[in-house]
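# Secondary and tertiary structure notes
Here is how the chains run, residue by residue.
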Amino acid sequence: MRQNITVTPQVAQDHGLTPDEYQRILTTLGRTPTFEELGVFSVMWSEHCSYKSSRRFLRNLPTTGPEILQGPGENAGIVDVGDGLAVVFKIESHNHPSFIEPYHGAATGVGGIIRDVFTMGARPIASLNSLRFGALTHPRTPYLVKGVVSGIGGYGNCVGVPTVGGEVYFDEGYNGNILVNAFTLGTVRTDRIFRARAAGVGNPVIYVGSRTGRDGIHGASLLASREFDAKSEELRPAVQVGDPFTEKLLIEACLELMQRDLIVAIQDMGAAGLTSSSVEMAGRGGTGFALNLKAIPTREANISPYELLLSESQERMLIVAKAGCEEDVRAIFSRWDLEAEVVGTVTDDGQFRASWDGEEVVRIPVAALTDDAPVYERPTAEPVDLAERQSLDLATIPLPTDYGQVLLQLLTSPNLASKEWVYHQYDSFVCGNTVVQPGSDAAIIRLKGTTKGIGLSVDCNSRYCLLDPYRGGQIAVVEGARNLAVSGVRPVALSDCLNFGSPEKPEVMWQFQQAIAGMRDACLALGLAVVSGNVSFYNETEGRAIPPTPTIATVGILADLTNHVTQWFKNAGDVIVMLGETKEELGASEYLASIHGRTAGAPPTLDLAYEKRLQDVCLTAAQERLLSSAHDLAEGGFAVALAEACITRPEQPLGATVAVSGKIRPDALLFGESQSRVLASLPRTALPRLQAIAGAANITLTELGVVGGADLNIVDYFSMPVSILRQEWRTALAQKLTNRPQ
Amino acid sequence: MKWGVITFPGSLDDRDALHCLEVVLEQHVVPLWHKDPDLHGVDAIILPGGFSYGDYLRCGAIARFSPVMQSVVAFANAGGPVMGMCNGFQILCESGLLPGALIRNQSLSYVCEWTRVRVETTRTAFTTACRAGEILRIPIKHGEGCYVADDTVLQQLEDNGQVVFRYVNDVGEVTAQANPNGALRNIAGVTNARGNVVGLMPHPEHAVETLLGSEDGRKLFLSALR
Amino acid sequence: MLAKVYVTPKKAILDPQGKAIVHSLHSLHYDEVADVRMGKYLELRLTGLSRGQAQQRVEEMCSRLLANLVIEDFRFEIVED
Amino acid sequence: MLAKVYVTPKKAILDPQGKAIVHSLHSLHYDEVADVRMGKYLELRLTGLSRGQAQQRVEEMCSRLLANLVIEDFRFEIVED
Ligand SMILES: Nc1ncnc2c1ncn2[C@@H]1O[C@H](COP(=O)(O)OP(=O)(O)O)[C@@H](O)[C@H]1O
Ligand SMILES: [Mg+2]
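Before going further, it helps to spend a moment on the packing of aromatic side chains. When we look at a pair of aromatic rings, we describe it by the centre distance and by the angle of the planes. Residues and elements named next belong to chain A. For the structure on display, the rule yields 21 aromatic pairs over all chains. Aromatic side chains Phe-35 and Tyr-306 sit 4.2 Å apart centroid to centroid with 10 degrees between the ring planes, which places their arrangement in the stacked category. Here the residue Phe-35 occupies a position in helix α3 (residues 35-44), and Tyr-306 occupies one in helix α12 (residues 305-310), the gap between them amounting to 271 residues. Tyr-306 sits in the buried class, given a relative accessible area of 6%. Centre to centre, the rings of Tyr-403 and Tyr-717 are 5.2 Å apart; their planes meet at 80 degrees, and the pair counts as edge-to-face.

What follows is about the pairing of strand β23 (residues 629-632) of chain A. Residue and element names in this part refer to chain A. Of the two faces of β23, both are covered, the one formed by Ser-629 and His-631 as well as the one formed by Ala-630 and Asp-632. Inspection of the sheet shows β23 paired to strand β25 (residues 678-682) by four bridges, in the antiparallel sense. Opposite Asp-632, over in β25, you have Val-678 as the bridge partner.

Moving on to the pattern of salt bridges. Residues and elements named next belong to chain A. All told, the structure shown has 60 salt bridges over all chains when counted by the stated rule. For Glu-377, the salt bridge goes to Arg-56, with nearest N and O atoms at 3.6 Å. Pair noted here: Glu-377 is in the loop between α14 (366-369) and α15 (386-390) and Arg-56 is in helix α5 (residues 55-58), with a separation of 321 residues, a long-range link. Accessibility expressed as a relative area gives 23% for Arg-56, which makes it partly exposed. For Asp-83, the salt bridge is made with Lys-452, and the minimal N-O distance between the two is 3.1 Å. Of this pair, Asp-83 sits in the loop between β2 (77-82) and β3 (85-93) while Lys-452 sits in the loop between β15 (443-446) and β16 (453-459), placing them 369 residues apart in sequence.

This brings us to the coordination of the magnesium ion (ligand 2). Residues and elements named next belong to chain A. The magnesium ion (ligand 2) binds to the protein through Asp-441 (OD), Asn-483 (OD1) and Asp-632 (OD); the donor distances cover 2.2 to 2.6 Å. Sequence positions of the residues that donate to the magnesium ion (ligand 2) give the spacing D-x41-N-x148-D. With Asp-441 in the loop between β14 (434-436) and β15 and Asp-632 in strand β23, this residue pair connects regions lying 191 residues apart in the sequence. Here Asp-632 falls in the buried class, since its relative accessible area comes to 3%.

For the rest of this paragraph, the subject is the relation of the copies chain D and chain C. Superposing chain D onto chain C takes a rotation of 180 degrees combined with a translation of 0.0 Å along the rotation axis, leaving an RMSD of 0.2 Å. Viewed as a symmetry operation, the transformation between the two copies matches a two-fold axis. Residue Lys-40 of chain D, judged by its C-alpha, is the member of chain D lying nearest the rotation axis, at 2.2 Å. Interface overlap between copies is the fraction of interface residues in one copy that are interface residues in the other; for chain D against chain C it reaches 100%, indicating a shared surface.

What follows covers the environment of Ala-553 of chain A. All names here are of chain A. Considering the arrangement of structural elements, one finds Ala-553 in strand β21 (residues 549-558). Through-space distance from the C-alpha of Ala-553 to that of Ala-493 is 8.6 Å; in sequence the pair is 60 residues apart. Among residues more than four places away in sequence, those in contact with Ala-553 are Ile-91, Phe-183, Ser-457, Val-458, Ala-493, Leu-494 and Ser-495.

Counting 153 residues, the largest nonpolar core has Phe-333 of chain A together with Leu-44 of chain D as the members making the most contacts within it. By residue number, the principal contributor to this core is helix α10 (residues 244-258) of chain A, which donates nine residues. Each residue touching Phe-333 of chain A, except ones within four places of it in the same chain, is listed here: Val-208, Leu-250, Ala-253, Cys-254, Leu-257, Ile-319, Leu-338 and Ala-340 of chain A. One finds Ile-25, Ile-217, Phe-289 and Tyr-306 of chain A within the second-largest nonpolar core, a separate group that totals 50 residues.

Interface size is often expressed as the accessible area that is lost when the parts come together. Each partner contributes to the interface: chain C provides ten residues, whereas chain A provides 15 residues. Interface of chain C and chain A: buried area, both sides summed, is about 1100 Å²; carbon and sulfur atoms make up 60% of it. For the pair chain C and chain A, the number of links is one salt bridge. Here Asp-243 of chain A ties to Lys-19 of chain C by a salt bridge, and the two come within 3.3 Å at their closest N and O atoms. The interface formed by chain C and chain A contains four residue pairs in polar contact (both at pLDDT 80 or more). The greatest single-element share of the side of chain C that touches chain A, amounting to three residues, is contributed by helix α1 (residues 16-27) of chain C. Residue composition of the side of chain C that touches chain A, by class: seven nonpolar, two polar and one charged.

Attention shifts here to the interface of chain D and chain C. Contacts between the two partners involve 33 residues from chain D and, on the opposite side, 33 residues from chain C. Buried surface at the junction of chain D and chain C, summed over both partners, amounts to about 3000 Å²; 60% is from carbon and sulfur atoms. Interface area lost by chain D to chain C is led by Tyr-30, Glu-32 and Tyr-41 of chain D, which between them contribute 22%. Counting every contact that joins chain D to chain C gives two salt bridges. Of the charged contacts in the structure, one is a salt bridge between Glu-32 of chain C and Arg-57 of chain D, with a shortest N-O distance of 2.5 Å. Where chain D touches chain C, the interface holds 20 residue pairs in polar contact (both at pLDDT 80 or more). Of all the secondary structure elements, the ones that give two or more residues to the side of chain D that touches chain C are β1 (2-9), α1 (16-27), β2 (33-46) and α2 (51-66) of chain D. For the side of chain D that touches chain C, the element with the highest residue contribution is β2 of chain D, accounting for 14 residues.

Residue Tyr-538 of chain A is not a glycine yet carries a positive backbone phi of 65 degrees. Looking at the secondary structure, you find Tyr-538 of chain A in the loop between β18 (529-536) and β19 (540-541). Of the residues examined, Tyr-538 of chain A reaches a relative accessible area of 7% and is grouped as buried. Backbone geometry places Cys-86 of chain B, a non-glycine residue, at a positive phi of 60 degrees. With respect to the helices and strands, the residue Cys-86 of chain B is situated in the loop between β4 (82-85) and α3 (87-94). By relative accessible area, Cys-86 of chain B is classed as buried at 5%.

Residue and element names in this part refer to chain A. Ligand 1 sits among 16 residues. The nearest are Asn-129, Gly-439, Ser-440, Asp-441 and Asp-459. Take Asn-129: an N or O atom from its side chain is 2.7 Å from a nitrogen atom of ligand 1. Within the contact set of ligand 1, an oxygen atom lies 2.6 Å away from a backbone nitrogen or oxygen of Gly-439. With the chains in place, 86% of the 550 Å² that ligand 1 exposes on its own is no longer accessible. Among the secondary structure elements, those contributing two or more residues to the shell around ligand 1 are β5 (163-170), α17 (420-423) and α19 (469-486). Considering only residue class, the shell around ligand 1 consists of five nonpolar, six polar and five charged.

Quick look at empty space enclosed by the protein now. All told, the structure shown has four cavities of 30 Å³ or more when counted by the stated rule. It is helix α1 (residues 14-24) of chain B that contributes the most residues to the lining of the largest cavity, three residues altogether. Looking at side-chain class alone, the lining of the largest cavity contains six nonpolar, six polar and five charged residues. Here the second largest cavity defines a volume of roughly 90 Å³. Around the second largest cavity sit Arg-132, Tyr-169, Phe-170, Asp-171, Asn-415, Cys-460, Asn-461, Ser-462, Arg-463, Glu-590 and Glu-635 of chain A, which together line it. When contributions to the lining of the second largest cavity are tallied by element, the ones reaching two or more residues are β5 and α18 (462-467) of chain A. Of the residues that constitute the lining of the second largest cavity, the class distribution is three nonpolar, three polar and five charged.

Reading the values: the criteria
- Residues numbered from 1 in each chain as written.
- Chains lettered and ligands numbered in written order.
- Predicted model: local features only at pLDDT ≥ 70, side-chain atom pairs only at ≥ 80, totals over all residues.
- Heavy atoms only, no water.
- Phe/Tyr/Trp six-rings, centres within 6.5 Å; stacked < 30°, edge-to-face > 60°.
- Helix = DSSP H or I, 4+ residues; strand = E, 2+ residues; numbered from the N terminus.
- Buried < 20%, exposed > 50% of the residue type's maximum accessible area, 1.4 Å probe, protein only.
- Pairing = 2+ DSSP bridges.
- Salt bridge = Lys/Arg side-chain N within 4 Å of Asp/Glu carboxyl O.
- Donors = N, O, S within 2.8 Å, 3.2 Å for Na, K, Ca; no water.
- Least-squares fit on C-alpha atoms with pLDDT ≥ 70 in both.
- Contact = heavy atoms within 4.5 Å.
- Core = buried A, V, L, I, M, F, W, Y, C linked by side-chain atoms within 4.5 Å.
- Buried area = accessible area lost by both parts, 1.4 Å probe.
- Polar contact = N/O pair within 3.5 Å; in protein donor to acceptor, adjacent residues only side chain to side chain.
- Nonpolar A, V, L, I, M, F, W, Y, C, P; charged D, E, K, R; others polar.
- Near = heavy atom within 4 Å.
- Areas by Shrake-Rupley, 256 points an atom, 1.4 Å probe, with all protein chains shown as cover.
- 1 Å grid on protein atoms, 1.4 Å probe; cavity = no way out; pocket = protein on both sides within 12 Å on 5 of 7 lines; lining within 4 Å.
- Points joined across faces, edges and corners; volume = space filled by probe spheres on them.

Okay, structure coming up:
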């Protein structure tokens with residue numbers, strides 16, 4: 001049944017459109033829009049679909065390179081890895097739905113990103129997830145953590161894509177607004193890449209997959225494009241439930257379809273469903289689209305044309321087939337017990353049209369919804385209290401009396417404790433490629449049929465970003481790349497998920513601008529390209545924005561898999577060295593936050609040229625097989641990284657004895673987070689060669705001690721049994737999560 | 001020898017089982033399709049892991065009615081070697097080819113990790129290449145792997161030597177800590193009275209290459225070659 | 001006293017379980033089955049409560065823990081056993 | 001016609017879900033709950049059958065597919081809707 005609603009300025013406002021935007025619609029059409037057209041404009045012009053506030057900044061990111069086959073603009077980015085193969089990947093947010101319904105919100109986030117990858121012809125073979133929750137002591141946090149983690153597993157495990165890495169952080173800044181960012185990577189033959197570009201007037205448009213229900217209507221415009229408040233509760237009927245089983249069938253059927261010469265373009269129906277997939281395919285191809293809404297398979301009776309256009313039911317794809325191939329397409333899907341229906345045709349009039357019972361209910365120029373959509377130059381302003389927050393008088397921070405106790409406290413703090421409780425709920429084996437499982441700096445998967453591997457890491461320190469978004473953006477990029485470099489993997493490209501507050505606030509827009517500037521400079525210095533990504537604004541509750549969180553998923557190539565390096569010590573007797581320099585930097589550190597309860601100071605300084613040389617030293621050393629282990633120093637600094645090298649070893653932990661010295665405060669020496677540092681172990685015989693490589697690159701190398709024994713002994717500070725450190729570190733998160741009522 | 005690996009809708013490790021047999025172990029292997037009752041003359045059958053039909057009702061409950069399963073039952077009853085891994089194990093139990101059932105893990109969570117299992121009998125089609133008491137390092141990944149059966153059935157299994165694998169610790173002891181899912185008597189795998197049908201929750205196909213962590217799973221496949 | 005609790009997926013929400021079961025019943029030729037919805041059934045054994053108290057307490061347990069009101073409905077009955 | 005089907009874990013079989021729910025209810029201070037068993041509740045919409053036929057067909061569906069008699073019991077009722 002068509003809803004008989006007359007569009008007025010008030011109805012437009014209820015759709016989240018501003019008076020100016022409504023005026024613009026009237027001008028574009030030269031008439032009052034139908035109710036269905038208003039719905040189409042509201043989703044396509046929503047922040048989530050149109051990038052109206054972010055577009056002008058995103059343009060600053062480097063997006064090209066010799067190995068980049070596809071940058072931003074398609075469903076996912078593509079990197080050439082040689083041997084006729086490419087990897088396709090993207091990261092995406094599902095923050096708002098996951099806060100409302102953690103299990104299904106997270107699950108459908110995983111489903112959506114997987115569709116973005118296989119829609120390009122790639123078989124998905126690895127996923128990552130980046131999660132931010134409120135303080136563990138917040139009453140809702142354990143419930144959200146359990147729901148999100150089992151949702152990611154529930155979907156990913158059932159669809160057969162291994163989850164090989166990720167990150168989890170807790171910070172009270174996310175109490176009212178969690179972040180769930182999901183990443184998937186697939187592989188495709190370079191001559192088999194599909195793009196979502198409609199072509200061929202008269203070609204049939206085919207709908208495949210699940211039937212359409214009333215799920216998630218206005219997910220893009222009303223959920224993802226505005227902040228939370230008391231009214232969010234009313235939006236609850238919008239919740240989507242995922243069906244990973246159907247997704248698995250869709251993957252197989254679509255990949256089978258793409259092996260044959262039957263289709264022109266294909267795209268998943270994600271945010272804004274049928275509308276955005278149609279408009280985007282037509283927009284990229286410069287064509288029009290005419291849909292017959294009556295032909296859409298539905299789950300229940302009486303779904304209106306408005307709802308059909310806006311539904312975000314999951315596990316659906318839209319295909320432009322070659323004329324005459326309809327039956328072949330149908331046959332492939334029916335083999336997998338899936339429906340395929342012709343629901344429209346490609347036209348040459350540049351219009352997005354939809355009809356219902358012979359009546360045209362939508363007729364909008366495609367360009368008005370894509371290239372000519374509104375773009376905003378929103379004002380930016382540095383937060384007034386920034387300087388105050390960045391100032392930190394170290395004299396006010398007392399030195400610890402028991403450094404071993406501080407280490408134990410850090411290792412059992414939610415942010416540094418083992419994430420095993422999380423990743424043991426994810427299948428990391430399926431597909432049979434996982435060379436380095438979760439638990440090291442980077443995950444490594446092999447590319448079957450070659451000697452090559454792909455390294456993956458997802459990173460962001462939002463405390464740094466809060467205290468200095470420019471530096472924070474830089475560090476997010478270099479940390480991801482460093483995680484790969486220490487693993488022996490050459491970083492090549494990244495996908496970013498930019499999670500911020502309301503773009504209507506000048507301080508948030510300033511954070512956004514600064515973070516992007518930092519990312520850009522870091523990418524240029526390291527030679528990385530941004531090939532895909534996603535912007536999530538309006539992460540606010542009751543007017544309070546989350547810390548700026550530009551999550552970076554970095555992808556790199558390892559030419560010879562057997563040269564990969566993991567972070568844990570391997571052999572008693574190996575020499576332990578540090579590459580890089582420790583400065584007196586405690587600002588924005590985990591140590592200050594967990595031990596002293598302070599979120600203050602400036603994040604550590606960063607010399608991009610030094611960082612690049614350091615990473616190159618790691619890569620050369622790995623290539624020459626000098627290293628037994630290499631580990632990036634991050635949150636918790638030197639002492640935590642050293643402890644991790646002892647206790648993350650899958651077999652029995654290995655101890656170490658080291659001596660450290662420096663003219664700086666001992667807590668900065670042990671727990672400060674100076675950048676561009678790596679902890680490595682290697683046979684003594686390999687040390688001269690490593691010294692030569694580091695020396696040539698002008699990177700400081702300090703010999704610290706040796707691997708071995710049952711204790712972690714930092715001479716003059718403490719000595720603790722590694723078995724205890726390991727036990728406490730491994731069980732801390734599960735204990736904190738389950739020791740309290742839901 | 002010719003192997004068959006069945007693909008049900010929702011099978012996930014079918015491609016990995018094919019890779020393991022064809023590429024790693026250099027065997028002749030053909031894919032079998034759930035809708036096709038023809039077994040294409042295979043000599044041994046693998047039921048892979050995954051979530052057949054989403055496992056939305058009960059694990060393996062729907063797959064058991066696939067056309068191909070009628071042929072698998074006949075093949076097994078005639079003494080043909082059949083191994084079900086994870087979801088394959090669940091399907092074999094649902095089909096009545098193996099005793100008992102698999103229910104939700106005690107923790108109620110999905111669990112993915114390396115485990116150690118002890119070989120309890122070498123008198124099955126898939127363990128002749130092992131030593132009795134040998135410890136194998138093989139991963140598990142499942143949400144419903146807790147093996148249950150009533151006391152009479154359990155006693156029969158023990159008496160007839162039909163318990164094939166048990167979860168053990170590093171030194172081969174059956175302990176509660178080594179039990180990842182709450183399975184009764186730490187049972188990780190069982191066989192039928194004849195020893196030609198074996199089901200286990202661990203994934204031997206994910207333990208056939210050192211690069212990926214273990215080669216211990218090879219022995220199960222190699223046993224069938226004898 | 002026994003509380004019998006029924007938790008069912010909300011009408012407008014996708015029920016993949018129900019969908020898979022219908023499909024399977026059809027392939028077993030039970031064509032008379034037009035639709036299936038699958039939910040949870042719980043039996044709670046209660047002690048030391050009056051009927052009226054039980055009514056109120058179980059209502060609370062359902063909305064707080066047993067059902068996820070975002071996607072599920074519930075109903076229950078209290079019986080002597 | 002509607003068949004309401006109840007599938008419950010057999011008494012002798014472990015019910016990890018029921019156990020976990022009791023635990024959670026206790027930690028929320030519902031101490032009056034002595035025991036919980038958790039099963040499935042299915043609603044099957046049937047067409048074109050007499051009551052007697054429905055009785056017989058549903059019995060069959062339950063024992064063949066909907067319940068696993070090794071670990072579960074079932075019962076059902078047929079109601080008009
Ligand atoms: N949500 C998650 N999913 C999968 N793996 C995770 C998740 N969170 C953390 N991990 C894994 O745990 C290990 C430690 O994570 P983290 O401390 O964030 O690493 P790093 O500081 O080196 O980036 C990594 O191997 C990471 O992939
Ligand atoms: Mg790291």
